[in-house]
Amino acid sequence: MDENDIERVLGRMVRRGIVTAVDIPSRRARVKFHDDDMDSGLLYVLASPPFIPKIDGPQRTEPISGGGGDEAFAEHFHKVKITPWLPRVNDTVLTLFLPADDSDGYILGRIEEGTN
């Protein structure tokens, strides 16, 4: 493998693209890359939620203090349902492909507009 081949392989490992479809149950998405105008296969989404919930206890919000002596407004908690992050169609994302033919690809995260 010569130097040009190495540059070509490395240049295609990390890429930026636009999400064209999301498969929620499998946590995968398709991405279109501007340089070849083709959709990828389904890529695994690796990004995590922006926070880590408490693992050793129930997931709930902070207590809300009541007021006015009315039992309906007494201190209470709400259950929290935490779902993993998935990109949306038209999000710009950063992807990673393993340097082998027909290897899996991954979505590392979303790129904010205006980020180079």
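Before reading on, note that the structure itself is shown above.
Please read all numbers here as calculations on a predicted model, not as lab measurements. (Residues numbered from 1 in each chain as written. Predicted model: local features only at pLDDT ≥ 70, side-chain atom pairs only at ≥ 80, totals over all residues. Heavy atoms only, no water.)

> Help me get a handle on the packing of aromatic side chains, residues and values and all.
Within a pair of aromatic rings, the relevant descriptors are the distance that separates the centres and the angle that separates the planes. Tallied over the entire structure, the rule returns two aromatic pairs. The ring centre of phenylalanine 33 lies 4.0 Å from the NZ or CZ of arginine 15, which sits over that ring. Lying over the aromatic face of tyrosine 44, arginine 28 brings its terminal NZ or CZ to 5.3 Å of the ring centre. (Phe/Tyr/Trp six-rings, centres within 6.5 Å; stacked < 30°, edge-to-face > 60°. Lys NZ or Arg CZ within 6 Å of the ring centre and 35° of its normal.)

> Give a description of helix 1 (residues 3–11) that names residues and reports values.
Taking burial as the measure, the nine residues of helix 1 include zero buried ones, a minor fraction of the element. The opening residue of helix 1, the one whose side-chain oxygen lies 3.1 Å from the backbone nitrogen of asparagine 4, is aspartate 2. (Buried < 20%, exposed > 50% of the residue type's maximum accessible area, 1.4 Å probe, protein only. Helix = DSSP H or I, 4+ residues; strand = E, 2+ residues; numbered from the N terminus. Polar contact = N/O pair within 3.5 Å; in protein donor to acceptor, adjacent residues only side chain to side chain.)

> Break down a negative patch on the surface for me, with residues and values.
Among the surface-exposed residues, Asp2, Glu3, Asp5 and Glu7 lie close enough to one another that they form a single negatively charged patch. Its place among the elements puts glutamate 3 in helix 1. (Patch = residues over 30% accessible without salt bridge, like charges linked within 9 Å, V, L, I, M, F, W, Y side chains within 5 Å. Areas by Shrake-Rupley, 256 points an atom, 1.4 Å probe, with all protein chains shown as cover. Salt bridge = Lys/Arg side-chain N within 4 Å of Asp/Glu carboxyl O. Lys, Arg positive; Asp, Glu negative; His and termini not counted. Charge placed at Lys NZ, Arg CZ, Asp CG, Glu CD.)

> So what about the pairing of strand 6 (residues 105–110)? Which residues, and what values?
Side chains on a regular strand alternate between the two faces of the sheet. Across two bridges, the pairing between strand 4 (residues 43–45) and strand 6 is parallel. Note that in strand 6 the partner of tyrosine 44 across the bridge is tyrosine 106. Two strands pair when backbone bridges link them, and strand 5 (residues 92–97) and strand 6 are joined in this way by five bridges, in the antiparallel orientation. Residue pairing for strand 6: leucine 94 is matched across the bridge by glycine 109. (Pairing = 2+ DSSP bridges.)

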